Amino acid sequence: MSKGTPATLAAQKAGIAFTAVTYAYDPEADSIGLQAAAALGEPPGRVLKTLMAEIDGKPVCVILPSDREVSMKKLAAAGGGKSAQMLRVPDAERITGYRVGGISPFGQKKRVPLFIEQAALAEPYVFVNGGQRGLQLRLEDPAAAVAALGAKPAAIAA
């Protein structure tokens, strides 16, 4: 891949084995992650969504299976904070450099602490957003990606 998104370029630079997969993105879908899983023909537990939140007012990135919701209480505890909440869309897009629906954990404009639902690491492979709507990266070694991202595995799903 000679030309790519900041996410694909960052994953390549980090030496992460991935396959870029496109699908028909539906902006009207109730759940972008579940719509992506259905379009890819994959179980929702393997298609991970990337969310932007804040713990005690500081931004963090959260990765979890598309069929799960993040527990703000568990996220705050995992980050050593008192409270957590979702970031507003304009703040998430400004910090990451991506549009909502296309936020990837790779290649974000500003590096922030990253948390991944530990249950996702039991999957033989996972998908994460590739930095644009309708682009997913199939990661052949989830643990290697977590190490490259400096992500903290934690039980953060509700």
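Conventions adopted
- Residues numbered from 1 in each chain as written.
- Predicted model: local features only at pLDDT ≥ 70, side-chain atom pairs only at ≥ 80, totals over all residues.
- Heavy atoms only, no water.
- Helix = DSSP H or I, 4+ residues; strand = E, 2+ residues; numbered from the N terminus.
- Rg over C-alpha atoms; globule rule 2.2 N^0.38 Å.
- Buried < 20%, exposed > 50% of the residue type's maximum accessible area, 1.4 Å probe, protein only.
- Contact = heavy atoms within 4.5 Å.
- Areas by Shrake-Rupley, 256 points an atom, 1.4 Å probe, with all protein chains shown as cover.
- Lys, Arg positive; Asp, Glu negative; His and termini not counted.
- Charge placed at Lys NZ, Arg CZ, Asp CG, Glu CD.
- UniProt positions renumbered as here; feature names shortened; annotations may be inferred.
- Salt bridge = Lys/Arg side-chain N within 4 Å of Asp/Glu carboxyl O.
- Polar contact = N/O pair within 3.5 Å; in protein donor to acceptor, adjacent residues only side chain to side chain.
- Pairing = 2+ DSSP bridges.
- Axes fitted to C-alpha atoms, helices over the stretch in contact; angles between N-to-C directions.

**Q** Whenever I open this one, the overall build of the protein chain confuses me. Can you help?
**A** Within the protein chain, the regular secondary structure consists of five helices and eight strands. Taken against the 2.2 N^0.38 rule, which gives 15 Å for 158 residues, the C-alpha radius of gyration of the protein chain at 14 Å falls within 12% of a compact globule. The proportion of buried residues among the 158 residues of the protein chain is 50%. The contacts in the protein chain between residues at least 6 apart in sequence include a share of 62% that link residues at least 24 apart. For the protein chain, the computed accessible surface area is about 7700 Å², with 53% contributed by carbon and sulfur atoms. Computed over 18 positive and 14 negative side-chain charges, the separation of the two mean positions in the protein chain equals 9 Å.

**Q** What exactly am I supposed to notice about the UniProt feature "domain: YbaK/aminoacyl-tRNA synthetase-associated" (unreviewed entry) in the protein chain here?
**A** Residues annotated by UniProt as "domain: YbaK/aminoacyl-tRNA synthetase-associated" (unreviewed entry) correspond here to residues 27-140. Span residues 27-140 is 21% helix and 28% strand, its end C-alpha atoms 27 Å apart.

**Q** It is not clear to me how the side chain of Glu-54 should be interpreted in this structure. Could you clarify?
**A** Of note, Glu-54 is situated in strand β2 (residues 48-55). Although Glu-54 is buried, it forms no salt bridge, and the closest oppositely charged side chain is Arg-94 at an N-O distance of 8.1 Å. Looking at Glu-54, its side chain comes within polar contact range of the side chain of Gln-85, at 2.7 Å. Those residues within four positions of Glu-54 in sequence are excluded, and the remaining contacts are Pro-59, Val-60, Ser-83, Ala-84, Gln-85 and Leu-87.

**Q** What is the right way to read unusual backbone geometry from this model?
**A** Trans is the prevailing form of peptide bonds, just as negative phi is the prevailing case for residues other than glycine. The phi dihedral of Asp-56 is positive, around 50°, even though this residue is not glycine. In this structure, Asp-56 sits in the loop between β2 and β3 (58-65).

**Q** What exactly am I supposed to notice about the sheet that holds strand β6 (residues 126-129) here?
**A** Each strand in a sheet pairs with its neighbour through backbone hydrogen bonds, running either in the same direction (parallel) or in the opposite one (antiparallel). The three strands are arranged β1-β7-β6 in an open sheet whose pairing can be described as antiparallel. Sheet topology places β1 (18-22) and β6 at the edges, where each strand pairs with a single neighbour. Sheet twist, expressed as the mean angle between neighbouring strand axes with direction ignored, is 30°. Where β1 and strand β7 (residues 135-139) come together, five bridges link them in antiparallel fashion. Residue pairing in the sheet places Ala-20 in a bridge with Leu-137 of β7.

**Q** Just to check I follow, could you spell out the pairing of β3 for this structure?
**A** Regular strands place their side chains on alternate faces of the sheet. Counting buried residues in β3 gives seven out of eight residues, a clear majority hidden from the surface. By the bridge criterion, eight bridges tie β2 to β3 in an arrangement that is antiparallel. Note on β3: the bridge partner recorded for Ile-55 is Lys-58. Taking the residues that link successive antiparallel strands as the turn, the β2-β3 hairpin has two residues, and the phi of Asp-56 there is positive, at about 50°. Bridge count between β3 and strand β5 (residues 114-117): three bridges; the pairing is parallel.

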